[in-house]
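# Topology and contacts: notes
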Amino acid sequence: QVQLAESGGRLVQAGGSLRLSCAASGLTLYTMGWFRQAPGKEREFVAAISWSGGRTSYADSVKGRFTISRDNAKNTVYLQMNSLKPEDTAVYYCAASRTAGVGSFTSYDMDYWGKGTLVTVSS
C-alpha cells in the first residue's frame, strides 16, 4: 500500500524559513514533487525531483528560495523553503508519478497524492 504523508506546515513570519517533509514509502523509483494551492487559486507546481535525486525542477516563483531533496534510505522527500513571502501561503501537497519527469511534472500525471499541509506566511 503506497501512502504519502506531508508534515511541517505551520504559521511563519515573512522572511522566515520552513522545511516540509513527505513520508513516501514504496515510491523510491518515482519522480516526486510538491504542488501548492492558495485560497481561491488553482493548484500550481512548485518543485520536482527525479527518483535518483540527480535532477530537479522549480517553478519560477520559488527559484532561489526553495530547495527540493530526497533521502531514499529514509523514504522521505523534503522541501526547504527560505525567504518566505505572504504569497507562499497555501496548502502544500506532496505527489508522485511513475511516468512524469521533472521537466513535465503536472498535476494530471500524478499517481499518488498526500492530503496536504498548510503553510501560512504572515506579513
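What comes next is a walk through the structure. (Residues numbered from 1 in each chain as written. Predicted model: local features only at pLDDT ≥ 70, side-chain atom pairs only at ≥ 80, totals over all residues. Heavy atoms only, no water.)

### Digging into the overall build of the chain
Rule in force here: Here a helix means four or more residues in a row that DSSP labels H or I, a strand means two or more in a row labelled E, and each is numbered from the N terminus. Computation of the radius of gyration draws on C-alpha atoms alone. For the globule rule, the value is 2.2 Å times the number of residues to the power 0.38.
For the chain, the count of helices and strands is zero helices and eleven strands. Going residue by residue from the N terminus, the α and β elements of the chain occur as β-β-β-β-β-β-β-β-β-β-β. Its C-alpha radius of gyration of 13 Å places the chain within 12% of the 14 Å reference for a compact globule of 123 residues. Projected onto the principal axes, the alpha-carbon positions of the chain cover approximately 40 × 25 × 25 Å.

### Quick notes on the sheet that holds strand 1 (residues 3-7)
Applicable threshold: Two strands make a pair as long as DSSP finds a minimum of two bridges between them. Fitted lines through C-alpha atoms give the axes, limited to the stretch in contact for helices. The angle between two N-to-C directions lies from 0 to 180 degrees.
The sheet built from four strands is open, its strands ordered 1-3-8-7 with antiparallel pairing. Lying at the two open borders of the sheet, with one neighbouring strand each, are strand 1 and strand 7 (66-71). Between one strand axis and the next, the sheet turns by 15° as a mean value, whatever way the strands run. Across six bridges, strand 7 lies against strand 8 (residues 76-81) in antiparallel orientation.

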